[in-house]
Amino acid sequence: MRVVLGADHGGYELKEAIRTHLETQGLEVLDLGTNSTDSVDYPKYGFAVGNAILKGEADLGIAVCGTGLGISIAANKISGIRAVVCTETFSARMAREHNNANVLTLGGRVTGVGLALDIVDIFLKTEFAGGRHARRVNLISDLECGGKI
Ligand code: RB5
């Protein structure tokens with residue numbers, strides 16, 4: 001499992017905690033920054049995380065900004081990226097199982113480190129269920145190609 005991380009200044013500290021947590025588990029981590037609390041623009045990091053997945057450099061991504069909102073909006077502009085904001089573990093499980101989400105976003109100013117790491121663990125460990133859910137996710141892909149459903 002290769003995981004790409006990205007964050008703006010609002011998510012920097014949580015991103016650092018996530019990186020340490022994942023490396024402790026022996027996962028391969030690609031950290032695309034940011035690397036300090038200096039103010040930066042979250043769309044750049046949302047794009048970078050999504051793009052790394054599309055390029056095959058990582059299997060799943062985690063992107064953190066102050067709320068998890070802006071960085072998810074940015075990542076979701078990329079065709080093939082399904083980014084979800086999660087503030088609890090049930091949604092993280094469902095996002096993988098039903099939606100085949102490939103980017104988890106978190107709010108560094110919203111979710112505490114302990115809960116955030118649980119959310120991360122569940123997101124990374126849960127497999128896509130396929131079946132009827134695959135048909136629905138394929139309909140999302142159709143929308144990305146300008147299709148109507
Ligand atoms: C930056 O101040 C903040 O707007 C950003 O981290 C994020 O919360 C945007 O959605």
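This structure is a prediction, so every number in the text was calculated from the model and none was measured.

Asks: Looking at this model, I keep getting lost on the environment of Ser72. Mind explaining?
Replies: Here Ser72 lies in helix H3 (residues 69-75). For Ser72, a relative accessible area of 7% translates into the label buried. When the C-alpha atoms of Ser72 and Gly146 are compared, they prove to be 21 Å apart, with 74 residues separating the residues in sequence. A polar contact is formed between the side chain of Ser72 and the backbone oxygen of Leu69, at a distance of 2.8 Å.

Asks: Quick question: what am I supposed to make of the pairing of strand S5 (residues 103-107) here?
Replies: Side-chain direction in a regular strand flips from residue to residue, so the side chains alternate between the two faces of the sheet. Burial within S5 is extensive, with five of its five residues counted as buried. Both faces of S5 are covered, namely the face carrying Val103, Thr105 and Gly107 and the face carrying Leu104 and Leu106. Relative to S5, strand S3 (residues 60-65) is paired through five bridges, and the arrangement is parallel. Within S5, the residue paired with Ile62 across the bridge is Leu104. Here strand S4 (residues 83-85) runs beside S5; their pairing, made up of three bridges, is parallel.

Asks: Looking at this structure, I do not really get the site of the ligand. What am I missing?
Replies: As a matter of local geometry, the ligand sits amid Asp8, His9, Tyr42, Cys65, Gly66, Thr67, Gly70 and Arg109. Contacts to the ligand include Arg109, whose side-chain N or O atom sits 3.4 Å from an oxygen atom. Considering the ligand on its own, with 290 Å² of exposed area, one finds that the protein chains cover 71% of that surface. The class makeup of the residues in the shell around the ligand is two nonpolar, four polar and two charged.

Calculation rules
Residues numbered from 1 in each chain as written. Predicted model: local features only at pLDDT ≥ 70, side-chain atom pairs only at ≥ 80, totals over all residues. Heavy atoms only, no water. Helix = DSSP H or I, 4+ residues; strand = E, 2+ residues; numbered from the N terminus. Buried < 20%, exposed > 50% of the residue type's maximum accessible area, 1.4 Å probe, protein only. Polar contact = N/O pair within 3.5 Å; in protein donor to acceptor, adjacent residues only side chain to side chain. Pairing = 2+ DSSP bridges. Near = heavy atom within 4 Å. Areas by Shrake-Rupley, 256 points an atom, 1.4 Å probe, with all protein chains shown as cover. Nonpolar A, V, L, I, M, F, W, Y, C, P; charged D, E, K, R; others polar.

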